[in-house]
Amino acid sequence: MTKTISFAIVHMTVAFTVVYLMTGNVMAGGVVALIEPMCNTVAYHFHERFWARRGRGGGDPAPTGA
């Protein structure tokens, strides 16, 4: 859990810094730093669902254990 929290902090810091450097606006940086990770969390959920379904319906064969 510590690693996950650490990654979230790094992610938000990068998002804030990039937007702040691009706009010079602290408020814009803060809003994006909060909204962008939330949007990525939702996108990741659907990404995982897509790959889970792909795995069930064919796709890459299972390893044979060589």
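Residues numbered from 1 in each chain as written. Predicted model: local features only at pLDDT ≥ 70, side-chain atom pairs only at ≥ 80, totals over all residues. Heavy atoms only, no water.

A. Main features of helix 2 (residues 26–56). The end-to-end C-alpha distance of helix 2 is 46 Å, a good match for the 45 Å that 31 residues give at a rise of 1.5 Å each. The complete set of buried residues in helix 2 reads Gly29, Ala33 and Pro37. On the buried face of helix 2, the contacting elements are helix 1 (2–23). The backbone nitrogen of Met27 has a side-chain oxygen 2.8 Å away, supplied by the residue at the start of helix 2, namely Asn25. (Helix = DSSP H or I, 4+ residues; strand = E, 2+ residues; numbered from the N terminus. Expected span 1.5 Å × (residues − 1). Buried < 20%, exposed > 50% of the residue type's maximum accessible area, 1.4 Å probe, protein only. Contact = heavy atoms within 4.5 Å. Polar contact = N/O pair within 3.5 Å; in protein donor to acceptor, adjacent residues only side chain to side chain.)

B. Molecular detail of the environment of Gly30. Within the secondary structure, Gly30 sits in helix 2. Separated by 13 residues in the primary sequence, Gly30 and Thr17 place their C-alpha atoms 9.0 Å from one another.

C. Local environment of the packing of helix 1 against helix 2. It is at 8 Å that the axes of helix 1 and helix 2 come closest, and there the two elements cross at 140°. The angle between helix 1 and helix 2 places the two elements in the oblique class. Between helix 1 and helix 2 the crossing geometry is right-handed. For the pair helix 1 and helix 2, contact is made by His11, Met12, Ala15, Phe16, Val19, Tyr20 and Thr23 and by Val26, Ala28, Gly29, Gly30, Val32, Ala33, Glu36, Pro37 and Asn40, respectively. When the residues that make up the contact of helix 1 with helix 2 are grouped by side-chain class, the tally is ten nonpolar, five polar and one charged. (Axes fitted to C-alpha atoms, helices over the stretch in contact; angles between N-to-C directions. Parallel < 35°, antiparallel > 145°, perpendicular 65-115°, else oblique. Left-handed = near helix turned anticlockwise from the far one by under 90°. Nonpolar A, V, L, I, M, F, W, Y, C, P; charged D, E, K, R; others polar.)

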